Amino acid sequence: MSDAHGVARDQLRAFIERIERLEEEKKTIADDIKDVYGEAKSMGFDTKILRKVISIRKQDHDERMEQEAILDTYLQALGMVPAAEGE
């Protein structure tokens, strides 16, 4: 086998091993997050709401305001919330 094939094989192996290590770290972190949610739940917190809060905190302020305005419009259109005054 040529030296170039050996180098490519070594690079491929290195990439695969790095990905495998990162996947294992990702699994460990996911397990840690699950444990924190479990701890929060045992303290009486609603984990669905915690997940929603985390999702909201990831959003850009303007993006969040736009989504909230659209949601409010839809809810008003469906009669699920009263329309704002002046509408």
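Counting starts from 1 at the beginning of each chain's written sequence and moves along it residue by residue. Only residues with pLDDT of 70 or above have their local features reported here, since the model is predicted, and side-chain atom pairs are shown and tallied only from 80 upward, although totals for entire chains, interfaces and linings are computed over all residues. Computation of side-chain values: all heavy atoms of the structure, hydrogens and water removed.

### Description of the overall build of the chain
This is how it is decided: Runs of E in the DSSP output that reach at least two residues are strands. Runs of H or I that reach at least four are helices, and both are numbered from the N terminus. Based on C-alpha atoms, the radius of gyration is set beside the globule rule, defined as 2.2 Å times the residue count to the power 0.38.
Scanning the chain from terminus to terminus reveals three helices and zero strands. Starting at the N terminus, the α and β elements of the chain follow one another as α-α-α. Its C-alpha radius of gyration of 24 Å places the chain more than 25% over the 12 Å reference for a compact globule of 87 residues. Across its three principal axes, the chain shows a C-alpha extent of roughly 80 × 35 × 20 Å.

### Some words on the packing of aromatic side chains
Convention followed: Between 30 and 60 degrees the pair is tilted, below 30 it is stacked and above 60 it is edge-to-face, where a pair is any two Phe, Tyr or Trp rings, Trp via its six-membered ring, whose centres lie within 6.5 Å. Counted as over-ring charges are cases with an Arg CZ or a Lys NZ within 6 Å of the ring centre that also lie within 35 degrees of the ring normal.
The final tally for this structure, using the stated rule, is zero aromatic pairs. The ring of Tyr37 is capped by Arg51, whose NZ or CZ atom sits 3.8 Å from the centre of that ring.

### Describing the pattern of salt bridges
Any two side chains of opposite charge can pair, so long as their charged atoms come close to each other. Going by this rule: Criterion for a salt bridge: a side-chain nitrogen of Lys or Arg within 4 Å of a carboxyl oxygen of Asp or Glu. We call a residue buried when its accessible area falls under 20% of the maximum for its residue type, exposed when it is over 50%, and partly exposed in between, using a 1.4 Å probe and counting protein chains only.
Throughout the structure, instances matching the rule amount to three salt bridges. One salt bridge connects Asp10 with Arg13, and the closest N-O pair in it is separated by 3.8 Å. In this pair, Asp10 and Arg13 are both assigned in helix H1 (residues 3-42), three residues apart and thus about one turn of the helix distant. Taking the relative accessible area as the measure of exposure, Asp10 reaches 43% and is therefore partly exposed. Ionic pairing is found between Lys27 and Asp31, a salt bridge with its closest N-O pair at 3.1 Å. In this pair, Lys27 and Asp31 are both assigned in helix H1, four residues apart and thus about one turn of the helix distant. For Asp31, a relative accessible area of 34% translates into the label partly exposed.

### Quick word on the packing of H1 against helix H2 (residues 47-58)
For the record, the criterion: To get an axis, fit a line to the C-alpha atoms, keeping to the stretch in contact for a helix; angles then go from 0 to 180 degrees between the N-to-C directions. Angles below 35 degrees are treated as roughly parallel, those above 145 as roughly antiparallel, those between 65 and 115 as roughly perpendicular, and all remaining angles as oblique. The handedness criterion is simple: a crossing whose near helix is rotated anticlockwise from the far helix by less than a right angle is left-handed, and one whose near helix is rotated clockwise is right-handed. Any two residues having at least one pair of non-hydrogen atoms within 4.5 Å are treated as being in contact. Polarity classes work like this: nonpolar for Ala, Val, Leu, Ile, Met, Phe, Trp, Tyr, Cys and Pro, charged for Asp, Glu, Lys and Arg, and polar for all others, with Gly in that last group.
One way to put it is that H1 packs onto H2 with a least axis distance of 9 Å and a crossing angle of 125 degrees. Taken as axis vectors, H1 and H2 run oblique relative to one another. Here H1 and H2 pass one another in a crossing that is right-handed. Here Tyr37, Ala40 and Lys41 of H1 come into contact with H2, specifically with Thr47, Leu50, Arg51 and Ile54. Across the contact of H1 with H2, the residue classes break down as four nonpolar, one polar and two charged.

### Comments concerning helix H3 (residues 61-77)
Note the following rule: A helix is expected to span 1.5 Å for every residue after the first. Here a polar contact is recorded for every N or O atom pair within 3.5 Å, except that within protein the pair must consist of a potential hydrogen donor and a potential acceptor, and residues adjacent in sequence are included only if both atoms are side-chain atoms.
The terminal C-alpha atoms of H3, which comprises 17 residues, lie 24 Å apart, in line with the 24 Å expected from a rise of 1.5 Å per residue. Sitting at the amino-terminal end of H3 is Asp60, which places a side-chain oxygen 3.0 Å from the backbone nitrogen of Asp62.

### Focus: a negative patch on the surface
Test applied: Patch membership is restricted to residues that have no salt bridge and whose relative accessible area is over 30%. Joining uses 9 Å for like charges and 5 Å for the nonpolar side chains Val, Leu, Ile, Met, Phe, Trp and Tyr. Using the Shrake-Rupley algorithm and a 1.4 Å probe, accessible areas are obtained, with residue cover drawn only from the displayed protein chains. By the counting rule applied here, Lys and Arg register as positive and Asp and Glu as negative, while His and the ends of each chain are not counted. For this purpose, a charge sits on NZ of Lys, CZ of Arg, CG of Asp or CD of Glu.
On the surface, Asp60, Asp62, Glu63 and Glu66 cluster together to form a negatively charged patch. Following the sequence through the fold, Glu63 ends up in helix H3.

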